[in-house]
Amino acid sequence: MSSFNYDSTGSSRLSKNAVPEISINGGDIDIDNDDNPLEFTSFKQSKDKTKLYPYTSLKRKSTVIIASTGQKVRRSLSSISNGLSIVSSHGSENDPLLNNPNSYSISTLWNQYILHPLHYIYYDQVSRSVLKCSIAYLIASMGVYWTPFDEFLGSTDSKHVVATVAVYFHPTRSKGSMTQTLIYVVISLLFSFSVSFGCRLISAIFYNSGEDEISHAIDLIISSIALGTIAYMKQKLNKQTFNTACSLASISIVTCIVKEGSLNSSTIPIQRLQATFQVVVVGCIISVAICYLLWPKSAIRGLRSSLNDSYNIMSSALSILGKRFLTDEKFTAKDVEVFKKLKDNVKALLENLEDAKYELRVYGREKEWILFNDLVESTIELSKHIQALRSSVEMQQTLLHNSQTNVNSEATSVNSLDSYSSERGLRLSHSVENMTLLNHNDAHSELDAETSDQLFQLFVYYLSPSIKSFIFTLKDILSQVPFEKYKDDQSNKFADTTTLNVSLNEAIKLFETKQSESFERLYSQDIFKSSSDDFLFITEQEEITACCGNFASILGLYANELKEFLELTETYEEARSSPLSWPWLKIWDKKSPEAYKKHTLPHQGNTLLAAIADLQSHYGPRIEEMTRSGAEVYGYKAWKTLKIFRRTDFQFGLRVGLGAFCLSFFAYFPATKEVFNNWRGEWALAIYCIMMNKSLGGTTMTVKWRILGTFLGSFSAYLIWNLTDGNVYALAATGFLISIPSFYIILFWKRNNPFGRFILLTYNLTALYSYSMIQKETEDGNEGGDNPIIGEIAFHRFIAVSIGITWALVMASCFLPNSARSRLKKGLVILWLRLGLIWNSDPLDYDPLTLKLMGLKDEPGINSLLAECEVLLKQAPIEFRLKGSFPVNTFSDILQSTSTIIDAYQNMNLMIKVEPVLSLNEESLLKYVQEERYEVEQRIFLIFYMLASSLKLGFPLPAKPASIEHAKDRMLYKLSEVRRKISDEPELSLTNNDFILMYSYILVASSITEQLDNIISHLVHLHLADGGISEDMFQLV
């Protein structure tokens, strides 16, 4: 027996034995040799709660395609479950029950307690990452502790900055990420030193001319503008690698302009510029060397690993989706976790692709990077298909569960498997007890359904073998692509995608054939031919059938997208072995970057502007500027120009620049200049610039950790210095030991990693700076000069860093505050308006000349908005709130419902991609129900509009908001009428496929309104928690 096993990582494998038996159990598939072609058995729920049976277990023969060989095997398949292969942790039967106490020899103890832990630490990726950083930090600290290295750096009191650079510019990156960071660092250093030299040159000229105030003003203004510009660019790019470069640039500008300008206003600080540039470059060289030489990490391998993870997770997701759809079971917490992993993996894919881009292009493997870019794009599309399938399953669950509320009380719940029996099961033309007696001669006997629930069970009966066979083939393919067996030195181990592609083509053809046959049988049911006037019954049966068609269609579309991916992988070896080239070096070539991508400009009718134009068309043309008077025209243009001040990134740069100006002022004001220099105010300024975040919550969330880290770093340096009397070996060793937990915090504490960074930063400012003073390298003679007063130094550093942190909090709270709470609400308002706008512009809009569907407009925009709202939700609870704690759970549920709506939009978009050009029959159907479609669109847009208004105004929604139920039911009834006409008038050329697009539209609309109802209930709870309706809402104050 061969089994198709699905382990906890989501990967799957086929054994090498023959294949006489296959059954699908989540990821396990067996094929048995049952001679009975058709067997029906009813089940109650098993006593084992880990096994859930569907309504019926239909062991029926079906054709299965083995992907690796293309072989077709016709065997029976059991139902899908989430079974996991479990490896027993018990020993073999020959192992002794009790260990022999005499077996613990010295060598055994040595191996068990010394060698094995060391072996684990050496090969553990977490340990390697931390050790790489600590080793780089130790080498960087030798710039202060080791005399030859110290002499190489010259005479300056900033040598501790080498270690600080090693902290911010740490070597635990892939080679591609390090290359990217290095490029940003070079750009930032060129910017900072160019600004510093130009500023000091101009200010020195004015100072030597006797214009002291103008000289200081130039230093103040230019340094503040430069720091504000760095903050603006940091927020604009929003990349971790660029943030590192911005931190180093801020430190350089503060040191070269503010500190030097306040102490030596009459000279151009060439030596200071040179020394600062030298220590920063040396710190970067140390980190780059450690990154490339000690346990180097390849971004290319990381990208391959992420691609493998994507397809393993998708394999697990397909098992879950198939089982939940066919058995009508709700998603469990573990199921949701799988989908969350898939979403997180998309982010990891994009990050690894960005890093691999720099690694591959430096190596000259341009074509390989282009192919990787296409592979990632295809993988992300496949992930969207999985989300669309999830949306389809959720629609099906909603429909079936809602349909149960319309049956009499004697009917059992769809989910109640305990009480299931053959008497209450699927009503068939043959009794359930006689189903096992069917043979080949009457295998085609028709089964009849009398209710909507039975209609779905009949669909499961007809198509479930094909779905399970299809999922088996898909999982078989996913287990082998794209780089599961690939090795750089053994390219022949790459998956044989040609065979897989052939197998997938056969599986798609087989599935589409079975799908067509199944729907023909479904629509041949008497309930579709009935002339019943039961309006609800007719709409229910149409919805159930539409849901089945939607799931099957998207599953087929997923397979087609996977086929395109396989075709891309076939060219990988060709791209990898292509001649090396560096076209990016041709800076004189004006060819756009899109030349290296498979990107095309989006269709003009598929953008946000097109959706806005559709809405604007309902209200008439805009007032043109030509109709304004002369003064109004210029005023309007000025108003449009000044809109930049409303941008949060520009406000952020302005906030940082103004705060830097206020702090720097104390360095030039005669009464405070000495205090500023004695208490190291330049580090307060540098810390302020580094820790500022765009939102108040982002700045606030790490304040306590930064202050605590500052205290621990300064106190540790003070304690170690006094205990060892400033011994160089003790300082170096303890610095290395302190860096180990600190770097672990920096690398693996995702939310509070500044804690570890500030421990090391303050330790550097205290211990390393104090030791450099012993070597007579102090430049101002303060804090003890050549005999450093370690307590005073530690206290000054703690106060300076704490002032910078406090000032950042004050500026974020008081000057142009950008509250994460208010921005989250504003983001949701805009997101809902855009979603309503998209639906209002008609998802089924098409070009009347070419009959090509436009698709949903502005889909990428809503995904980016949702991602920003999710980030803001993490920051919002940190902000101080007088009304009490922020309702995180309520907003989290609102975002989840909004995300589900976006998945439903994706579902609709994918259905459009199945056949982007309408047939004449489909066009006639669209026109036939155009009035109802227009009403549905308007009502959904109205609900989105009401939600946005309610959240914006803080006012509850009406008790009975708009509903699409009547318009939707009328649309379904019209479609049912058309279907009955087809059966009565065979000369009509409409087919079942012509109805799929309209049915999907109705299902998506129903799913959207269900989630909108959820959001409405959450908003009601939100308003009640904020005090409900009060008279203050109706007063103008």
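Whatever comes next refers back to the structure up there.
Criteria and thresholds
Residues numbered from 1 in each chain as written. Predicted model: local features only at pLDDT ≥ 70, side-chain atom pairs only at ≥ 80, totals over all residues. Heavy atoms only, no water. Phe/Tyr/Trp six-rings, centres within 6.5 Å; stacked < 30°, edge-to-face > 60°. Buried < 20%, exposed > 50% of the residue type's maximum accessible area, 1.4 Å probe, protein only. Axes fitted to C-alpha atoms, helices over the stretch in contact; angles between N-to-C directions. Helix = DSSP H or I, 4+ residues; strand = E, 2+ residues; numbered from the N terminus. Parallel < 35°, antiparallel > 145°, perpendicular 65-115°, else oblique. Left-handed = near helix turned anticlockwise from the far one by under 90°. Contact = heavy atoms within 4.5 Å. Nonpolar A, V, L, I, M, F, W, Y, C, P; charged D, E, K, R; others polar. Expected span 1.5 Å × (residues − 1). Arc of directions from axis to C-beta. Patch = residues over 30% accessible without salt bridge, like charges linked within 9 Å, V, L, I, M, F, W, Y side chains within 5 Å. Areas by Shrake-Rupley, 256 points an atom, 1.4 Å probe, with all protein chains shown as cover. Salt bridge = Lys/Arg side-chain N within 4 Å of Asp/Glu carboxyl O.

Draft legend 1. Examining the packing of aromatic side chains more closely. A complete count under the given rule lists 25 aromatic pairs for this structure. Here the aromatic rings of Phe-331 and Phe-339 are separated by 5.5 Å at their centres, their planes lie at 85 degrees, and the arrangement is edge-to-face. Judged by its relative accessible area of 18%, Phe-331 falls in the buried class. Assessed through its relative accessible area of 2%, Phe-339 is described here as buried. Between Trp-679 and Phe-795, the aromatic rings sit 5.7 Å apart at their centres with planes inclined by 70 degrees, giving edge-to-face as the arrangement.

Draft legend 2. How the structure looks around the packing of helix α31 (residues 930–953) against helix α33 (residues 993–1025). Orientation of α31 relative to α33, taken along the N-to-C sense of each, is 20 degrees, at an axis distance of 11 Å. In terms of their interaxial angle, α31 and α33 are classed as roughly parallel. Our pair here, α31 against α33, has a crossing hand that is left-handed. Residue-level inspection shows Arg-933, Val-936, Glu-937, Ile-940, Ile-943, Phe-944, Leu-947, Ser-950 and Leu-951 of α31 in contact with α33, the latter providing Met-998, Tyr-1001, Ala-1005, Ile-1008, Thr-1009, Leu-1012, Ile-1015, Ile-1016, Leu-1019, Leu-1022 and His-1023. By residue class, the composition of the contact of α31 with α33 is 15 nonpolar, three polar and two charged.

Draft legend 3. Geometry of helix α23 (residues 703–724). If you check α23, its first and last C-alpha atoms are 32 Å apart, about what 22 residues at 1.5 Å a residue would give, namely 32 Å. Buried residues of α23: Val-703, Arg-706, Gly-709, Thr-710, Gly-713, Ser-714, Ala-717, Ile-720 and Trp-721, and no others. Along the long axis of α23, the arc covered by the buried residues comes to 155 degrees, so they all point the same way. Facing away from the buried side of α23 by more than 90 degrees, the exposed set consists of Lys-704 and Leu-723. Tucked inside the fold, the buried residues of α23 contact α21 (681–691), α22 (696–700), α24 (728–748), α25 (754–774) and α26 (790–814). Count one or two residues on from α23 and you reach Asp-725, which has phi positive near 55 degrees.

Draft legend 4. Structural view of a nonpolar patch on the surface. Where nonpolar side chains cluster on the molecular surface, the patch consists of Tyr-292, Leu-293, Val-362, Tyr-363, Leu-580, Trp-582, Trp-584 and Leu-585 and spans about 780 Å² of accessible area. Of all the secondary-structure elements, those providing two or more residues to the nonpolar patch are α8 (270–293) and α10 (333–363). Positionally, Trp-584 belongs in the loop between α16 (572–576) and α17 (608–616). Exposure remark for Trp-584: the relative accessible area of 36% places this residue in the partly exposed category.

Draft legend 5. Layout of unusual backbone geometry. Unusually for a residue other than glycine, Asp-725 sits at a positive phi of about 55 degrees. Tracing the backbone through its elements, the reader meets Asp-725 in the loop between α23 and α24. The phi angle at Leu-816 is positive, at roughly 45 degrees, despite the residue not being glycine. For Leu-816, the position within the fold is in the loop between α26 and α27 (820–840). Taking the relative accessible area as the measure of exposure, Leu-816 reaches 31% and is therefore partly exposed.

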